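Chain by chain, the residues:
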Amino acid sequence: MVIPLAIEKSAGICTMEISRREWLRSTGVWAGGATLAANAANVANAANAANAATPAAAGGLVASESGVLADVLDYARAAPGHMSKMGWEYISGGAADELSLRWNRESYDRLRLRPRVLVDVSQLDTRVTLFGREHACPILLAPTAYHKLSYAEGEIATVRGAAAAGVTMVVSTSATVSLEEVAQATTKPLWFQLYVQPDREFTRALIRRAETAGYQALVVTVDSPVLGARYRETRSGFTLPPGMERANLRGLKTATGGHRATENTIYSALLDPRLTWKEIAWIRSLTNLPLLLKGILDGEDAVRAVEVGAAGVIVSNHGGRNLDTLPATVDALPEVVSKVAGRVPVLVDGGIRRGTDVLKAIALGATATLIGRAYLYGLAVGGAEGVARVVNILRREFEMAMALTGRSSIKAIDASVIWK
Ligand SMILES: Cc1cc2nc3c(=O)[nH]c(=O)nc-3n(C[C@H](O)[C@H](O)[C@H](O)COP(=O)(O)O)c2cc1C
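Residues numbered from 1 in each chain as written. Predicted model: local features only at pLDDT ≥ 70, side-chain atom pairs only at ≥ 80, totals over all residues.

Describe in detail the overall build of the protein chain, supporting the description with residues and values.
Regarding its fold elements, the protein chain presents 15 helices and 12 strands. Out of the 420 residues in the protein chain, the part that is buried amounts to 52%. (Helix = DSSP H or I, 4+ residues; strand = E, 2+ residues; numbered from the N terminus. Buried ≥ 20, exposed ≤ 12 C-beta atoms within 10 Å, placed from the backbone.)

Here's what the structure looks like:
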């Protein structure tokens with residue numbers, strides 16, 4: 001069987017053909033027919049689990065049956081066929097009833113666009129500047145844990161895909177490849193995401209390591225004193241498979257094994273429930289890297305972040321994975337933007353699967369967006385090429401949306417793009 005993988009280049013589309021078995025081997029999921037049979041059940045659930053809030057997404061395998069993966073939702077439907085059920089449940093799942101997970105998408109779907117016509121859109125300028133560095137487009141890769149669950153080379157494949165697509169990857173503390181090895185695999189700038197560890201000396205050393213390896217920004221995740229009630233992980237018995245480790249945490253006894261709290265406590269050994277604003281000030285004093293706080297939804301918290309010296313805030317509900325019934329991030333965005341009042345950039349993640357989502361986020365005041373699951377689907381399906389392809393699909397959709405709403409530059413994308 002031949003899988004056509006359309007690899008988009010800036011000047012058009014070329015098609016690469018590899019055999020299905022070769023492809024599966026390269027993803028690390030090929031272990032004979034049994035693996036595929038087991039994964040068939042995952043595929044059946046994929047439309048739902050891929051946050052299928054739109055009728056198009058609920059159509060099951062229709063698009064992928066042709067073998068052509070045209071959009072991010074096609075990748076979402078194809079991804080579970082390329083990984084273990086446990087891995088799929090881990091990346092696609094949310095907390096409790098998964099309402100925030102769904103709302104993240106539904107809120108984007110509900111927003112309508114107001115086009116302006118007869119504008120010269122023959123040249124589109126999608127560049128944004130963050131902390132003195134230019135990004136070709138307002139899309140970054142959000143920090144996500146355990147990429148080896150999706151693809152055998154893990155974060156090495158992701159960073160190559162990010163470089164190919166020209167976007168910045170935020171490497172997770174919970175990566176399955178060390179931050180140094182990820183940095184060695186690219187010549188492009190990287191950001192590091194920090195989960196402050198209960199061992200403060202270890203945390204201090206981790207920040208120093210990121211600086212030494214050349215990371216250009218530090219993203220401290222502040223929405224996770226504990227993890228949420230992730231029942232898909234419970235039901236699938238999530239634990240790191242043998243041979244996988246939290247490579248950045250080598251030296252701590254939490255480097256291997258489960259991340260979930262045991263039944264009789266809500267606390268996870270990998271997270272610090274004592275983290276407060278005091279520690280953020282401490283981290284600020286340790287590094288000159290731009291510091292971003294990730295996981296802010298409340299306007300007053302955003303103000304406090306600026307006061308404590310954050311160079312940016314990321315509006316996020318952790319992809320609906322922690323506290324269920326938090327609002328969609330695009331609904332929380334305007335309050336944060338208004339309170340921050342331009343003092344630092346406001347970024348947003350959660351539910352972004354379309355270029356129009358990026359346009360809407362920018363219209364509501366975001367400087368840039370981050371994608372999480374979208375690129376993990378690409379990673380699972382096609383490694384570095386899959387990551388690059390997903391980013392290119394989103395970029396292309398974003399550019400189309402700019403052209404079709406008559407906005408030729410980022411600064412022309414203001415609130416008037418949203419149909420009121
Ligand atoms: C599988 C997975 C693992 C994640 N791991 C981390 C992590 O290690 N650190 C972190 O700050 N956020 C983590 N997140 C949250 C993402 O950074 C981001 O907020 C979220 O994925 C955005 O939503 P989206 O997946 O709908 O794009 C994770 C999300 C997913 C889906």
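Break down the site of the ligand for me, with residues and values.
In the vicinity of the ligand, 24 residues are found, and the nearest of them are Ala142, Ser172, Gly319, Gly372 and Arg373. Residues that form the shell around the ligand fall into these classes: 8 nonpolar, 12 polar and 4 charged. (Near = placed C-beta within 6 Å. Nonpolar A, V, L, I, M, F, W, Y, C, P; charged D, E, K, R; others polar.)

Explain unusual backbone geometry to me, and be specific about the residues and the numbers.
The phi angle at alanine 96 is positive, at roughly 50 degrees, despite the residue not being glycine. With 16 C-beta atoms packed within 10 Å, alanine 96 lands in the partly exposed category. A positive phi angle is found at leucine 118, which is not glycine, with a value near 55 degrees. Secondary-structure assignment places leucine 118 in the loop between helix H6 (99-110) and strand S3 (128-130). Classification of leucine 118 by C-beta neighbours within 10 Å gives exposed; the count is 6.

Residue-level account of helix H7 (residues 155-165), with values.
The element H7 is largely enclosed, with a buried count of 10 among its 11 residues. Those residues of H7 that are buried are in contact with strand S5 (139-141), strand S6 (169-171), helix H8 (179-184) and helix H15 (373-405). Backbone geometry just downstream of H7 places glycine 166 in the positive-phi region, at approximately 75 degrees. (Contact = placed C-beta atoms within 7 Å.)

Tell me about the packing of helix H12 (residues 299-307) against helix H13 (residues 329-340), and please be specific about residues and values.
Their axes nearest at 8 Å, the elements H12 and H13 cross at an angle of 40 degrees. Relative to H13, the element H12 lies oblique. The chirality of how H12 crosses H13 is right-handed. Here H12 contributes Gly299, Ala302, Val303 and Val306 to the contact with H13, which in turn contributes Glu335, Val336, Ser338, Lys339 and Val340. Looking at the contact of H12 with H13, its residues break down into 5 nonpolar, 2 polar and 2 charged. (Axes fitted to C-alpha atoms, helices over the stretch in contact; angles between N-to-C directions. Parallel < 35°, antiparallel > 145°, perpendicular 65-115°, else oblique. Left-handed = near helix turned anticlockwise from the far one by under 90°.)

Lay out the packing of helix H14 (residues 355-363) against H15 in plain terms, naming residues and giving numbers.
One can describe the packing of H14 onto H15 by two numbers: an axis separation of 7 Å at closest approach and a directional angle of 60 degrees. Between H14 and H15, the angle falls in the class oblique. In terms of crossing hand, the pair formed by H14 and H15 is right-handed. Together, Gly355, Thr356, Val358 and Leu359 of H14 and Leu394, Arg396, Glu397, Phe398, Met400, Ala401, Met402 and Thr405 of H15 make up the contact between the two elements. For the contact of H14 with H15, the residue count by class is 7 nonpolar, 3 polar and 2 charged.

Would you mind going over the pairing of strand S9 (residues 291-296) in detail, with residue names and values included?
By the criterion of burial, S9 is predominantly enclosed, with 6 of the 6 residues buried. Both S9 and strand S10 (residues 312-315) contribute to a ladder of 4 bridges, which runs parallel. By the bridge assignment, lysine 294 is partnered in S10 with isoleucine 314. Taking the sense of rotation as the criterion, the β-α-β connection linking S9, H12 and S10 turns out right-handed. (Pairing = 2+ DSSP bridges. Right-handed = clockwise from strand over helix to strand, strands pointing away.)

Help me get a handle on the confidence of the model for the protein chain, residues and values and all.
Residues of the protein chain with pLDDT of at least 70 account for 85%, and the chain-wide mean is 87. In this model, residues 1-45 is a region of pLDDT below 50 whose contacts with residues beyond four sequence positions or in other chains number 56 contacts. Every residue in residues 47-63 is under pLDDT 50, and counting partners more than four places away or in other chains gives 29 contacts. (pLDDT = per-residue confidence, 0-100.)

Lay out the environment of tryptophan 419 with the relevant residues and their values.
Among the secondary structure elements, tryptophan 419 is positioned in the segment after H15. Look at tryptophan 419 and you get exposed, because 9 C-beta atoms sit within 10 Å. In sequence terms tryptophan 419 and proline 115 are 304 residues apart; their C-alpha atoms lie 8.7 Å from each other. Those residues in contact with tryptophan 419 that lie beyond four places of it in its chain are Arg112, Leu113 and Arg114.

Please set out the environment of arginine 200 residue by residue, giving values where relevant.
Here arginine 200 lies in helix H9 (residues 200-212). A tally of 13 C-beta atoms within 10 Å means that arginine 200 is categorised as partly exposed.

How would you explain the environment of glutamate 98 if you had to name every residue and give the values?
With respect to the element layout, glutamate 98 can be found in the loop between helix H5 (85-92) and H6. Along the backbone, glutamate 98 and glycine 319 are 221 residues apart, and their C-alpha atoms lie at a distance of 9.9 Å. If we ignore the near neighbours within four places in the chain, the residues touching glutamate 98 are Gly320 and Asp324.

Any chance you could break down the pairing of strand S11 (residues 346-349) for me, citing the residues and the numbers?
Going residue by residue along S11, you find Val346 and Val348 tucked away on one face and Leu347 and Asp349 tucked away on the opposite face as well. Of the strand pairs in this sheet, S10 and S11 are connected by 3 bridges, and their pairing is parallel. Pairing of valine 315 across the sheet is with valine 348, part of S11. One crossover worth recording links S10 to the parallel S11 by way of H13, and it is right-handed. The sheet contact formed by S11 and strand S12 (residues 368-371) spans 3 bridges and is parallel. Bridge assignment links valine 348 to a residue of S12, and that residue is threonine 369. The β-α-β motif built from S11, the intervening H14 and the parallel element S12 has right-handed crossover chirality.

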